[in-house]
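Given next are the chains, with one letter for each unit.
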Amino acid sequence: MKVLVVDDSKVMRVILSRILKEMGHEVVEAGDGQDALKKVEESGGVGLALVDWNMPVMNGLDFVKALRADTRFWQIPVMMVTTETEMGQVQLALQAGANNYVTKPFTPDVIQEKLKSMGF
Amino acid sequence: MSAENFITEEMLYPILEDVFSTMFGMPMEARGRVSEVHIDGRACLCSISITGTWNGIVLVQCSDALAKEIGTVMFSTDAEAISKAEIKDAMGEITNMVGGNLKRILPGPSALSLPNVMFGSDLSWKVPGPADICIFCVLISGMLLVVTIVRRAQN
């Protein structure tokens, strides 16, 4: 499956990509929300998106809202992977349309278990 | 909570343990709170701001050598292969995780800025206006890392 990893930090994209590739997934990387929308468009959609919150240009929350507003891509499952750990922020992301939420720091096991719980 | 202990070792060290030991397998040794510390030679100074109900700055400082070691571990690469930009990126993400998790235990709601990272010799920082400051030291892979939390006086 093609998975989009959206994070302004290269090292986070590398870490998440490594975990996803070990699970047998193909990875597409984007450095911010706007770049991610472009990559989704170019890819003709992806099977899943892992999205950071705090990013320049377009943050993760705005990306999720834009994705959910696009009739072509609104069904793409989204898991937030972020340092935004307050319960209010988690609720905000879920209300915006995120399907799951992981807080940094994490271990590969946490990512794999969350994805399994989402059916991946 | 008094101005002197608005952040305690019990609040900070589990966060650092999660970031360095659990996520990256880098041994961490707590060295306690200090009133002042200076890192000699070339160093890395990272900062991230928290604004909202709680206002302040989280600073992460270490030697160039430790920054390189952290970057090498995070990218799972060799010391010869890692670039300055990758070390900067890795240190920014460390600061982001420390700041984000401190924000969770501080009075909220507040917003986290993007991290800033700089390298240089004899780096120093200054907060305009009155502020409360807590400085903590840890050893990561046997090298000194300093976390400073600055609480602005309007809190």
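Predicted model only: the values in this text are computed from it and were never measured.

1. Quick look at the overall build of chain B
- Within chain B, the secondary structure is distributed over 3 helices and 7 strands.
- Whereas a compact globule of 155 residues would reach a radius of gyration of roughly 15 Å, chain B reaches 15 Å, a difference of no more than 12%.
- The long-range fraction of contacts in chain B, counting pairs at least 24 apart against all pairs at least 6 apart in sequence, stands at 66%.

2. Describing the overall build of chain A
- Secondary structure assignment for chain A yields 5 helices and 5 strands.
- Along chain A, helices (α) and strands (β) appear in the sequence β-α-β-α-β-α-β-α-β-α when read from the amino end.
- Taken against the 2.2 N^0.38 rule, which gives 14 Å for 120 residues, the C-alpha radius of gyration of chain A at 13 Å falls within 12% of a compact globule.
- C-alpha atoms of chain A, sized along the principal axes, occupy 30 × 30 × 25 Å.
- Every one of the 120 residues in chain A was classed for burial, and the buried ones make up 42%.

3. A short note on the interface of chain B and chain A
- Counting residues at the interface gives 20 residues for chain B, matched by 16 residues for chain A.
- When contributions to the side of chain B that touches chain A are tallied by element, the ones reaching two or more residues are helix H1 (9-24), helix H2 (64-75) and helix H3 (84-105) of chain B.
- If you tally residues by element for the side of chain B that touches chain A, the top one is H3 of chain B, at 10 residues.
- For the side of chain B that touches chain A, a count of residues per class yields 9 nonpolar, 6 polar and 5 charged.

4. Digging into the confidence of the model for chain B
Residue and element names in this part refer to chain B.
- The share of residues in chain B with pLDDT of 70 or more is 96%, and the mean pLDDT across the chain is 93.
- Confidence, read as mean pLDDT per element, is least for strand S4 (residues 110-112) in chain B (94) and greatest for H2 (98).
- Confidence metrics for the complex model read pTM 0.95 and ipTM 0.93.

5. Observations regarding the sheet that holds strand S3 (residues 48-51) of chain A
Residue and element names in this part refer to chain A.
- One open sheet holds the 5 strands; their spatial order is S2-S1-S3-S4-S5, and the pairing between them is parallel. Each edge of the open sheet is held by one strand with a lone partner, namely strand S2 (26-30) and strand S5 (100-103). For this sheet the average axis-to-axis angle between neighbouring strands, irrespective of direction, equals 20 degrees.
- One ladder, built from 4 bridges, connects strand S4 (residues 78-82) with S5; its direction is parallel. Looking at the pairing, Val81 lines up with Val102 of S5.

6. Quick look at the pairing of strand S6 (residues 131-140) of chain B
Residues and elements named next belong to chain B.
- Across 6 bridges, strand S1 (residues 28-34) lies against S6 in antiparallel orientation. Paired with Met28 across the strands is Ile140, a residue of S6.
- For S6 and strand S7 (residues 143-152), the ladder comprises 10 bridges, and the chain directions are antiparallel. When the bridges of S7 are listed, Ala131 appears paired with Arg152.
- Where S6 folds back on S7, the antiparallel hairpin that results is connected by 2 residues, among which Ser141 adopts a positive phi of roughly 50 degrees.

7. Things to note about the packing of helix H3 (residues 60-68) of chain A against helix H4 (residues 87-96) of chain A
Residues and elements named next belong to chain A.
- In the contact formed by H3 and H4, the axes pass within 9 Å of each other and the chain directions differ by 20 degrees. Judged by the angle between their axes, H3 and H4 are roughly parallel. Facing Leu61, Val64 and Lys65 of H3, the residues of H4 in contact are Leu92, Ala93 and Ala96.
- Residues belonging to the contact of H3 with H4 are distributed by class as follows: 5 nonpolar, no polar and 1 charged.

8. Looking at the nonpolar core
- Core analysis: the biggest nonpolar cluster contains 70 residues, and Leu4, Val6, Leu50 and Val51 of chain A together with Met91 and Val98 of chain B have the highest contact counts within it.
- The contacts of Leu50 of chain A, once residues within four sequence positions are left out, are Val3, Val5, Val6, Leu16, Met79 and Val81 of chain A.

9. Section: the packing of H2 of chain B against H3 of chain B
Residues and elements named next belong to chain B.
- Between H2 and H3, whose axes approach to 8 Å, the crossing angle comes to 85 degrees. Taken together, the axes of H2 and H3 are roughly perpendicular relative to one another. Together, Ala67, Lys68, Ile70, Gly71, Met74 and Phe75 of H2 and Glu86, Ile87, Ala90, Met91 and Ile94 of H3 make up the contact between the two elements.

About the thresholds
Residues numbered from 1 in each chain as written. Chains lettered and ligands numbered in written order. Predicted model: local features only at pLDDT ≥ 70, side-chain atom pairs only at ≥ 80, totals over all residues. Helix = DSSP H or I, 4+ residues; strand = E, 2+ residues; numbered from the N terminus. Rg over C-alpha atoms; globule rule 2.2 N^0.38 Å. Contact = placed C-beta atoms within 7 Å. Buried ≥ 20, exposed ≤ 12 C-beta atoms within 10 Å, placed from the backbone. Nonpolar A, V, L, I, M, F, W, Y, C, P; charged D, E, K, R; others polar. pLDDT = per-residue confidence, 0-100. Pairing = 2+ DSSP bridges. Axes fitted to C-alpha atoms, helices over the stretch in contact; angles between N-to-C directions. Parallel < 35°, antiparallel > 145°, perpendicular 65-115°, else oblique. Core = buried A, V, L, I, M, F, W, Y, C linked by C-beta atoms within 7 Å.

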